[in-house]
Amino acid sequence: MDREAVGTADLGRLHVEVGHHGRSAVLTPSGELDHHTAELLSGPLAEAMDAGVSRLVVDCANLVFCDSTGLNVLLGARLRAEQMGGGVHLAAMQPTVARVFEITGAEAVFTVHDTLDQALQE
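This section reports on the structure supplied with the text. (Residues numbered from 1 in each chain as written. Predicted model: local features only at pLDDT ≥ 70, side-chain atom pairs only at ≥ 80, totals over all residues. Heavy atoms only, no water.)

## A word on the packing of aromatic side chains
One pass over the structure, following the stated rule, counts 1 aromatic pair. With centroids separated by 5.7 Å and ring planes inclined at 75°, the aromatic side chains of phenylalanine 101 and phenylalanine 110 adopt a geometry described as edge-to-face. Phenylalanine 110 sits in the buried class, given a relative accessible area of 7%. (Phe/Tyr/Trp six-rings, centres within 6.5 Å; stacked < 30°, edge-to-face > 60°. Buried < 20%, exposed > 50% of the residue type's maximum accessible area, 1.4 Å probe, protein only.)

Encoded structure:
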(Lines give C-alpha, C1' and ligand atoms only; values in the text may rest on other atoms or scores of the structure.)
Protein backbone atom coordinates (compact mmCIF):
# COMPACT_ATOMS: atom_id res chain seq x y z
CA MET A 1 0.00 0.00 0.00
CA ASP A 2 1.26 3.44 -0.88
CA ARG A 3 0.70 5.47 2.28
CA GLU A 4 2.22 8.82 2.90
CA ALA A 5 1.76 10.21 6.38
CA VAL A 6 0.56 13.78 6.05
CA GLY A 7 -0.23 14.51 9.67
CA THR A 8 -0.65 13.14 13.14
CA ALA A 9 -2.47 14.11 16.30
CA ASP A 10 -1.93 12.85 19.81
CA LEU A 11 -3.68 13.42 23.12
CA GLY A 12 -2.27 10.59 25.16
CA ARG A 13 -5.00 8.03 24.61
CA LEU A 14 -5.55 8.56 20.87
CA HIS A 15 -3.13 8.92 18.00
CA VAL A 16 -4.41 9.50 14.46
CA GLU A 17 -2.28 8.92 11.38
CA VAL A 18 -3.50 10.35 8.10
CA GLY A 19 -2.40 9.15 4.70
CA HIS A 20 -3.67 8.67 1.17
CA HIS A 21 -4.17 5.66 -1.02
CA GLY A 22 -5.46 6.33 -4.51
CA ARG A 23 -8.55 8.51 -4.21
CA SER A 24 -9.04 7.70 -0.52
CA ALA A 25 -7.90 9.44 2.61
CA VAL A 26 -6.88 6.76 5.10
CA LEU A 27 -7.22 7.64 8.77
CA THR A 28 -5.74 5.29 11.32
CA PRO A 29 -6.81 6.03 14.90
CA SER A 30 -4.94 4.13 17.60
CA GLY A 31 -6.20 4.03 21.17
CA GLU A 32 -9.45 5.26 22.67
CA LEU A 33 -11.97 7.38 20.77
CA ASP A 34 -14.17 9.12 23.31
CA HIS A 35 -15.47 12.48 24.51
CA HIS A 36 -11.96 13.66 25.39
CA THR A 37 -10.24 12.56 22.18
CA ALA A 38 -12.95 12.81 19.50
CA GLU A 39 -11.64 16.12 18.16
CA LEU A 40 -8.39 14.36 17.23
CA LEU A 41 -10.33 12.33 14.68
CA SER A 42 -12.98 14.89 13.72
CA GLY A 43 -10.31 17.44 12.76
CA PRO A 44 -8.46 15.23 10.26
CA LEU A 45 -11.76 13.94 8.83
CA ALA A 46 -12.93 17.52 8.22
CA GLU A 47 -9.54 18.52 6.80
CA ALA A 48 -9.64 15.68 4.29
CA MET A 49 -13.12 16.69 3.14
CA ASP A 50 -12.16 20.38 3.07
CA ALA A 51 -9.39 19.32 0.66
CA GLY A 52 -12.01 17.69 -1.57
CA VAL A 53 -11.56 14.05 -0.56
CA SER A 54 -14.96 12.39 -0.21
CA ARG A 55 -13.88 8.76 0.15
CA LEU A 56 -12.65 8.23 3.68
CA VAL A 57 -11.30 4.95 5.01
CA VAL A 58 -10.96 4.59 8.76
CA ASP A 59 -8.61 1.75 9.67
CA CYS A 60 -9.95 0.64 13.06
CA ALA A 61 -7.42 -2.15 13.64
CA ASN A 62 -5.78 -0.27 16.53
CA LEU A 63 -8.90 1.40 17.88
CA VAL A 64 -9.55 -0.25 21.23
CA PHE A 65 -12.55 1.79 22.42
CA CYS A 66 -15.25 3.97 20.89
CA ASP A 67 -18.02 5.70 22.83
CA SER A 68 -21.09 7.56 21.59
CA THR A 69 -19.11 10.76 20.99
CA GLY A 70 -16.72 8.89 18.71
CA LEU A 71 -19.63 7.25 16.95
CA ASN A 72 -21.20 10.67 16.38
CA VAL A 73 -17.96 11.97 14.86
CA LEU A 74 -18.01 9.11 12.36
CA LEU A 75 -21.72 9.54 11.65
CA GLY A 76 -21.23 13.26 11.00
CA ALA A 77 -18.33 12.56 8.66
CA ARG A 78 -20.43 9.98 6.84
CA LEU A 79 -23.23 12.49 6.21
CA ARG A 80 -20.84 15.12 4.89
CA ALA A 81 -18.92 12.63 2.74
CA GLU A 82 -22.15 11.33 1.23
CA GLN A 83 -23.25 14.89 0.43
CA MET A 84 -19.97 15.19 -1.48
CA GLY A 85 -20.68 11.96 -3.39
CA GLY A 86 -18.44 9.71 -1.29
CA GLY A 87 -18.64 7.83 1.96
CA VAL A 88 -16.91 6.57 5.06
CA HIS A 89 -15.55 3.03 5.01
CA LEU A 90 -14.64 1.31 8.27
CA ALA A 91 -12.04 -1.44 8.22
CA ALA A 92 -10.71 -4.07 10.61
CA MET A 93 -12.86 -3.24 13.64
CA GLN A 94 -11.89 -4.90 16.90
CA PRO A 95 -14.75 -6.85 18.56
CA THR A 96 -15.22 -4.27 21.33
CA VAL A 97 -15.60 -1.43 18.84
CA ALA A 98 -17.70 -3.50 16.44
CA ARG A 99 -20.09 -4.24 19.31
CA VAL A 100 -20.84 -0.52 19.76
CA PHE A 101 -21.77 -0.27 16.09
CA GLU A 102 -23.86 -3.44 16.32
CA ILE A 103 -25.77 -2.38 19.45
CA THR A 104 -26.58 1.07 18.06
CA GLY A 105 -27.40 -0.15 14.55
CA ALA A 106 -24.73 2.15 13.12
CA GLU A 107 -23.09 -0.72 11.26
CA ALA A 108 -26.05 -0.61 8.87
CA VAL A 109 -25.21 2.92 7.68
CA PHE A 110 -21.48 2.42 7.14
CA THR A 111 -19.63 0.30 4.63
CA VAL A 112 -17.74 -2.10 6.89
CA HIS A 113 -14.81 -4.18 5.65
CA ASP A 114 -13.00 -7.03 7.38
CA THR A 115 -9.59 -5.69 6.37
CA LEU A 116 -7.98 -2.45 5.29
CA ASP A 117 -6.96 -4.03 1.98
CA GLN A 118 -10.61 -4.81 1.21
CA ALA A 119 -11.63 -1.23 2.00
CA LEU A 120 -8.97 0.12 -0.34
CA GLN A 121 -9.95 -2.12 -3.26
CA GLU A 122 -13.25 -0.43 -3.97
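## Some words on the environment of leucine 14
Within the secondary structure, leucine 14 is located in strand β2 (residues 14-21). Counting along the chain gives 20 residues from leucine 14 to aspartate 34, while the straight-line C-alpha distance between them is 9.0 Å. (Helix = DSSP H or I, 4+ residues; strand = E, 2+ residues; numbered from the N terminus.)

## Some thoughts on the nonpolar core
Formed by 30 residues in total, the largest nonpolar core has its most connected members in Leu41, Leu45, Leu56, Leu74, Val88, Leu90 and Phe101. Taken together, the elements giving at least two residues each to this core come down to β2, β3 (24-33), α1 (39-50), β4 (55-59), β5 (63-66), α2 (68-83), β6 (87-91) and α3 (95-104). Ignoring sequence-local partners within four residues, the contact set of leucine 90 consists of Val58, Cys60, Leu74, Phe101, Phe110, Thr111, Val112 and His113. Grouped together as the second largest cluster of nonpolar side chains are 6 residues, Ala91, Leu116, Ala119 and Leu120 included. (Core = buried A, V, L, I, M, F, W, Y, C linked by side-chain atoms within 4.5 Å. Contact = heavy atoms within 4.5 Å.)

## Side note on the environment of glycine 105
Note on placement: glycine 105 falls in the loop between α3 and β7 (111-113). It is 20 Å that separates the C-alpha atoms of glycine 105 and alanine 38, two residues lying 67 residues apart in sequence.

## Points about the pairing of β4
Summarising burial for β4: 5 of the 5 residues are buried, a large majority. Both faces of β4 are covered, namely the face carrying Arg55, Val57 and Asp59 and the face carrying Leu56 and Val58. Pairing between β3 and β4: 4 bridges, direction parallel. Paired with alanine 25 across the bridge in β4 is leucine 56. (Pairing = 2+ DSSP bridges.)

## Some points on the pattern of salt bridges
The full count for this structure, using the stated rule, is 5 salt bridges. Between glutamate 32 and arginine 13 there is a salt bridge, and its shortest N-O distance comes to 3.1 Å. Taken together, the positions of glutamate 32 in strand β3 and arginine 13 in the loop between β1 (7-10) and β2 put the pair 19 residues apart, joining distant regions of the chain. Assessed through its relative accessible area of 37%, arginine 13 is described here as partly exposed. (Salt bridge = Lys/Arg side-chain N within 4 Å of Asp/Glu carboxyl O.)

## With respect to the side chain of arginine 55
Structurally, arginine 55 is set in strand β4. A polar contact is formed between the side chain of arginine 55 and the side chain of serine 24, at a distance of 2.6 Å. Here arginine 55 is in contact with Arg23, Ser24, Ala25, Gly87, His89, Ala119 and Glu122, once residues within four sequence places are set aside. (Polar contact = N/O pair within 3.5 Å; in protein donor to acceptor, adjacent residues only side chain to side chain.)

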